[in-house]
Amino acid sequence: MASSNSKSTNQTARQIFKILLTNPRIKVLWVKAHAGNIGNERADQLEKDAMQHGKPDSLTKLPKPHIKGLLRKSMLEEWQTSWKNGDTGRKIYNIMPSVSFRPTNWIKEDVIFFSQHGPFPAYLKRFHLSDSDYCSCGGIGTALRYATECILTVSWHMRKPVSNNEQEWLKRVANNLVCRHKIRRIVMFISENRDLFRPP
C-alpha cells in the first residue's frame, strides 16, 4: 500500500503517511468488500461516482509536457471541427481542409487571391464598394479571370481550368510555387493600378 511507504513520491500517499505518523491511534486494516461496513461501502460509492463523472481519484501530478500535449491535441481537434463546420472561409477550406499549428508560407497576396477578397471588381460590387463587377477589359473581374484570360494581366496567365474544375485548379495553383509567384504579381499589379481595371 502506497500510504504505508515513507519513500513514496505520491502526494496523496505522503499526506496519508504523515497523518498516520501524527495519530498513532489510527489503525489501517484490510476490510472485506461488500460486507456491510458503512465506511467501506461509502468509499466504494465515492470511487464509482468519481469514475462515472470523470473526477480524478487522486492528486497525482502529470508531467507538464504530457499536459501540453493533451491540450494541444484537444485544441487542434476543436479547431478542426470548427473549421469543418463553419460558415465562413469556405473558399480557403476547399483548398486547405485540415488545420495545422505549422505556419503556411502564404503571404498577403496569396490570401487575397485564394479568398477572392481583394481589389477584384466582382468582390467590390458584391460588398457594394463599386457600381459594377466588370473590368475595363469587358469581362467580369474575378480572380480566376485575371489569372487566366484578362488582357491586362496576360504576362502572368496560366491555363484556364475546364468547366466545373475550378476547385481542383485552385488547389494545384496553391501548391505550386511558380504559379503562386504569378498570382502574387497579378494581385500586386491590380492593387497598384486600380484605375486601369475600372470599367469605362
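For the structure, see preceding data.
Residues numbered from 1 in each chain as written. Predicted model: local features only at pLDDT ≥ 70, side-chain atom pairs only at ≥ 80, totals over all residues. Heavy atoms only, no water.

**What about the overall build of the protein chain?**
Each helix and strand counted, the protein chain has ten helices and zero strands in total. For the protein chain, the α and β elements follow one another from N to C terminus as α-α-α-α-α-α-α-α-α-α. For the protein chain, the C-alpha radius of gyration of 32 Å lies well beyond 16 Å, the compact-globule estimate for 200 residues. When burial is assessed residue by residue, the protein chain has 26% of its 200 residues classed as buried. For the protein chain, the share of sequence-separated contacts (at least 6 apart) that also reach a separation of at least 24 residues comes to 42%. (Helix = DSSP H or I, 4+ residues; strand = E, 2+ residues; numbered from the N terminus. Rg over C-alpha atoms; globule rule 2.2 N^0.38 Å. Buried < 20%, exposed > 50% of the residue type's maximum accessible area, 1.4 Å probe, protein only. Contact = heavy atoms within 4.5 Å.)

**Focus on the layout of surface pockets**
Estimated volume of the second largest pocket: approximately 180 Å³. Pro119, Pro121, Leu124, Leu129, Ser130, Ser132, Tyr134, Ile190, Arg194, Phe197, Arg198 and Pro199 together form the lining of the second largest pocket. Residue assignment for the lining of the second largest pocket shows that the elements contributing at least two residues are α6 (121-126) and α10 (194-197). Residue classes in the lining of the second largest pocket are distributed as eight nonpolar, two polar and two charged. (1 Å grid on protein atoms, 1.4 Å probe; cavity = no way out; pocket = protein on both sides within 12 Å on 5 of 7 lines; lining within 4 Å. Points joined across faces, edges and corners; volume = space filled by probe spheres on them. Nonpolar A, V, L, I, M, F, W, Y, C, P; charged D, E, K, R; others polar.)

**Some details on helix α5 (residues 108-115)**
Judged by how many residues are buried, α5 sits mostly within the fold: six of eight residues are covered. The complete set of buried residues in α5 reads Glu109, Asp110, Ile112, Phe113, Phe114 and Ser115. Downstream of α5 by a residue or two, Gln116 has a phi angle that is positive, lying close to 60 degrees.

Keep in mind these values describe shape, not function.
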